[in-house]
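# Structural overview for review
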Amino acid sequence: MNSFEISISNVKRNVKTYRLYLMAMIFSVMTYYNFSSMRFNPQFLEFSDAFAYIESLSLVTSILMVMFLIFFIIYSSNFFLNQRKREIGIFAFMGIDNYKIAFIFALEGLLLGIISLISGLILGVLFNKLFMMLLAKAALLDVRIDFYIAKESLIETAIVYSIIFVITFVKGFVDIIRTDLIDLMNSLKKEESLPKVNYFKGISSIIILAIAYWCAINQAKIGFDTALLISVLLVVWGTYWLFGSFFPMFMNFLVNRKEILYKGTNIISFSNLLFKIKENYKTLAQVAILVTVCITSLGTASSLKYYVNKNRKIEVPYSISFISNNQEEIDKVDSLLQNANYKVQLNEQIKYLFDNQQEYVIINYSTFKNILSDLNVENRKNILSQLQISQNEAGCIGASMTWMSIQRENTQITIEDVKFTVKAIPKIPLFGNGLPYPCLVINDNEYDVLKTKLLEQQFNGIILENPENMEELTYQLASVLPEQSKLYTSYIADATFYDFTGIIYFLGFFLFLVFVFATASIIYFKILSESFGEKTKYEILQKIGATKSEIRHAISKYIATFFILPLIVGIIHSSVAIWVLSTLMNYNIIIPTLTSILIFIIIHGIFYLIARKRYLQIIESA
């Protein structure tokens, strides 16, 4: 039997162990192909605006996938090497050449890669039409999707993954060559020791994470970029110390409490955890950070979609808006609406000033009050009561398209040599994206003074009772209005910005699935690698009187800890990150945040059940 045949035989014999790895890799290849094919699909090429978003996001997600995949494959390869050490040692004991042994096992990894690549490409091609249909729907594109095989994407995916698998093959070969093969016969009999409790690092980890959270929350004082960098570094540092020192400290506390230790099967679960934490804390910390990335990415994408949907009335308060005080142009618009049988619900004409230097729209208090009433803005009475504008004061409403609030209370703004103290006003329906600038509300007298220095213009906002199917009307309006009128309709909103947010959410969710699959797989591999060495311990426990039910219960709690601890830490980290995002957006996004966390918990729970079942099968096998 040659080396190739031995490798194939090994793959067949260990197919149960490789099953989850193959699933993750196949799904990864399939997703990468679909992401790549977006850039070459002829149907999407017809939509130049949306295609620009799709192309850039496709490249970004593909690069992120490759980076994460490299980490996942390297980690998985190390797991398979550690799991097969005794088998490798037996080959060495039989006198087989070290280089041949290394080639057999490295080739085994390469075969898994080839199987993943071929299977992933086949599934990617088969499901590509469904993927594109979902993307088109998310992007609000009215396009018929045909079955299409992107040859360029097939070649790109094959090349990228082939390079990764070849590098993995070389790494696996070198790792085995450098390993002392004779010592591998006793690799599973290594002596375990209790971790040393480092109280300084344990307590410091909590302090470091608290500082990281403080920096993130107070990013307005520190500066967003600086706060982001400091917070990320401190979170990574604090998380490693948390699992490496604080958790052993906490477990040691529980073990020393007899009323807790001798309750049920805690003595088995806690003791096993305390011994294992020394070699597993790095994995737990890495998984906690990956959980943070997964939940934060999905939470951010979900929050963006949720925010946009809820914020639509602010960004698109009018079915049609344009800037013009030319009565002839206004009459042409009215005539088009009448001919198209559209019923006008509101026709708002607003006089305003515009400061070209700082790009502020300026209106007087009376106009502001009328707009709130005409648009039936919620809490308008409270807004007006809080906005008591005196001399040299101004209320400021952020631009409709600004997601993050940067306007601070009581800042000074100078307009035409007049200084105004600013009062921040929550974003409300006003001009929408038709006039996408911050708006200053000043008293009527000061407005009349500024009117002598700045050009007064007229904003026209029209709300239709039936604003559906406005594509043809939009083109007709564009033909009668000059470019400087800044025509904006609900159709334009859906065809530009709203398709962008839909694409982000769609791609973000698929990327989340790849990441969460790989994250849970890392825990799965780590648990399985220990199960082979733990079998003897549980056999001894049965011989000294522990029942099968008690051992199963102890194992369930032990495995659950590996899933729950990183999950809790990751949820806390990501909750702080999303809370900061909520503060920047000045919007309550608790619903998409909780939804993202719940989705992750469900997927994580499924992997826990899979890992528990496989662990028990190994422990209970004859």
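Here goes a summary of the coordinates provided.

### Observations concerning the overall build of the chain
Each helix and strand in the chain was counted, giving 22 helices and nine strands. Looking at the chain alone, contacts between residues at least 24 apart form 85% of all its contacts between residues at least 6 apart. Per element, the accessible surface of the chain, about 30,400 Å² overall, is 61% carbon and sulfur.

### Quick word on unusual backbone geometry
Although it is not a glycine, Asn341 sits at a positive phi angle of roughly 60 degrees. With respect to the element layout, Asn341 can be found in the loop between α14 (327–339) and β2 (344–355). Taking the relative accessible area as the measure of exposure, Asn341 reaches 62% and is therefore exposed. The backbone of Glu359 shows a phi angle near 55 degrees, a positive value even though the residue is not glycine.

### Regarding a nonpolar patch on the surface
On the surface, Ile114, Ile118, Ile122, Leu123, Leu126, Phe127, Leu130 and Leu134 cluster together into a nonpolar patch covering about 710 Å² of accessible area. For the nonpolar patch, the secondary-structure elements that each account for two or more residues are α6 (98–126) and α7 (128–138). Counting through the fold element by element, Leu123 comes out in helix α6. Of the residues examined, Leu123 reaches a relative accessible area of 31% and is grouped as partly exposed.

### Focus on the pattern of salt bridges
A complete count under the given rule lists two salt bridges for this structure. Between Glu328 and Lys332 there is a salt bridge, and its shortest N-O distance comes to 3.9 Å. Placement of the pair is Glu328 and Lys332 together in helix α14, with a separation of four residues, close to one helical turn. On the basis of relative accessible area, Glu328 is assigned to the exposed category, the value being 53%.

### Examining the pairing of strand β4 (residues 393–397)
Here β4 lies mainly inside the structure; five of its five residues are buried. Side chains Glu393, Gly395 and Ile397 project from β4 onto one buried face, and the interleaved Ala394 and Cys396 project onto a second face that is buried too. Bridge count for β4 against strand β7 (residues 439–442) is three bridges, and the pairing is antiparallel. Its bridge partner being in β7, Ile397 is matched across the sheet by Cys439.

### Here's the deal with the packing of aromatic side chains
Counted according to the given criterion, the structure contains ten aromatic pairs. With centroids separated by 6.0 Å and ring planes inclined at 90 degrees, the aromatic side chains of Phe103 and Phe169 adopt a geometry described as edge-to-face. Taken together, the positions of Phe103 in helix α6 and Phe169 in helix α8 (residues 151–178) put the pair 66 residues apart, joining distant regions of the chain. Look at Phe103 and you get partly exposed, because its relative accessible area is 34%. Ring geometry for Phe431 against Phe459: centres 5.0 Å apart, planes inclined by 80 degrees, an arrangement best described as edge-to-face. Within this pair, whereas Phe431 is found in the loop between β6 (418–425) and β7, its partner Phe459 is found in strand β8 (residues 456–464), the two being separated by 28 residues in sequence.

### Quick notes on the pairing of β8
The element β8 is largely enclosed, with a buried count of seven among its nine residues. In terms of strand pairing, strand β1 (residues 320–323) meets β8 through four bridges, oriented antiparallel. Considered in β8, the bridge of Phe322 is made with Asn460. Looking at chain direction, β2 and β8 are connected through nine bridges and run antiparallel. Each residue of the ladder has a partner; that of Lys351, found in β8, is Gln458.

### Digging into the environment of Ile177
Following the sequence through the fold, Ile177 ends up in helix α8. In this structure Ile177 comes out as partly exposed when scored by relative accessible area, which is 27%. Taking the C-alpha atoms as reference, Ile177 lies 9.3 Å from Phe103; in sequence the two are 74 residues apart. Beyond its immediate chain neighbours, meaning those up to four positions away, Ile177 contacts Asn98, Tyr99 and Ala102.

### Structural notes on the nonpolar core
Ranked by size, the top nonpolar core spans 89 residues in total, and within it Phe72, Tyr161 and Ile559 carry the most contacts. Other than its neighbours up to four places away in sequence, Tyr161 contacts Met25, Ser28, Val29, Tyr32, Met65, Leu69 and Leu117. Formed by 28 residues, the second largest nonpolar core is a distinct cluster that contains Val377, Ile383, Ile428 and Phe459.

### Some remarks on the sheet that holds strand β9 (residues 488–489)
A sheet is described by the order of its strands in space; here nine strands give the open sequence β5-β6-β4-β7-β3-β2-β8-β1-β9, paired in mixed fashion. Looking along the sheet, the strands with just one partner apiece sit at the ends: β5 (412–415) and β9. Note that β1 and β9 share two bridges and pair antiparallel. Its bridge partner lying in β9, Ser321 is registered against Tyr488. Contacting β2, β3 (360–364), β4 and β7, helix α15 (residues 365–374) runs over the sheet at an angle of about 90 degrees to β3.

### Structural notes on the packing of α6 against α8
Contact geometry of α6 with α8 gives a least axis separation of 8 Å together with a crossing angle of 160 degrees. Comparing the axis directions of α6 and α8 gives the class roughly antiparallel. In the packing of α6 onto α8, the handedness of the crossing is right-handed. Per-class residue counts for the contact of α6 with α8 are 20 nonpolar, five polar and no charged.

### Considering helix α18 (residues 471–480)
When α18 is considered as a whole, its buried residues turn out to be Leu473, Thr474 and Leu477. Within α18, the buried residues cover an arc of 100 degrees as seen down the axis, which keeps them to one side. Exposed positions of α18 whose direction lies more than 90 degrees from the buried face are Glu472, Tyr475 and Ser479.

### Here's the deal with the side chain of Ser245
Looking at the secondary structure, you find Ser245 in helix α11 (residues 224–255). Excluding residues within four positions of it along the chain, Ser245 makes contact with Asn198, Lys201 and Gly202.

### Considering the environment of Met23
Mapped onto the elements of the fold, Met23 is located in helix α2 (residues 15–37). A relative accessible area of 43% means that Met23 is categorised as partly exposed. Sequence spacing of Met23 and Gly120 is 97 residues, and the spatial spacing of their C-alpha atoms is 9.2 Å.

### Focus on the side chain of Ser485
Tracing the backbone through its elements, the reader meets Ser485 in the loop between α18 and β9. Overall, Ser485 belongs to the buried group, its relative accessible area being 1%. A distance of 2.6 Å separates a polar atom in the side chain of Ser485 from the backbone oxygen of Pro482. Ignoring anything within four residues of it in the chain, the contact list for Ser485 reads Phe322 and Ile323.

Rules used in this analysis
Residues numbered from 1 in each chain as written. Predicted model: local features only at pLDDT ≥ 70, side-chain atom pairs only at ≥ 80, totals over all residues. Heavy atoms only, no water. Helix = DSSP H or I, 4+ residues; strand = E, 2+ residues; numbered from the N terminus. Contact = heavy atoms within 4.5 Å. Areas by Shrake-Rupley, 256 points an atom, 1.4 Å probe, with all protein chains shown as cover. Buried < 20%, exposed > 50% of the residue type's maximum accessible area, 1.4 Å probe, protein only. Patch = residues over 30% accessible without salt bridge, like charges linked within 9 Å, V, L, I, M, F, W, Y side chains within 5 Å. Salt bridge = Lys/Arg side-chain N within 4 Å of Asp/Glu carboxyl O. Pairing = 2+ DSSP bridges. Phe/Tyr/Trp six-rings, centres within 6.5 Å; stacked < 30°, edge-to-face > 60°. Core = buried A, V, L, I, M, F, W, Y, C linked by side-chain atoms within 4.5 Å. Axes fitted to C-alpha atoms, helices over the stretch in contact; angles between N-to-C directions. Parallel < 35°, antiparallel > 145°, perpendicular 65-115°, else oblique. Left-handed = near helix turned anticlockwise from the far one by under 90°. Nonpolar A, V, L, I, M, F, W, Y, C, P; charged D, E, K, R; others polar. Arc of directions from axis to C-beta. Polar contact = N/O pair within 3.5 Å; in protein donor to acceptor, adjacent residues only side chain to side chain.

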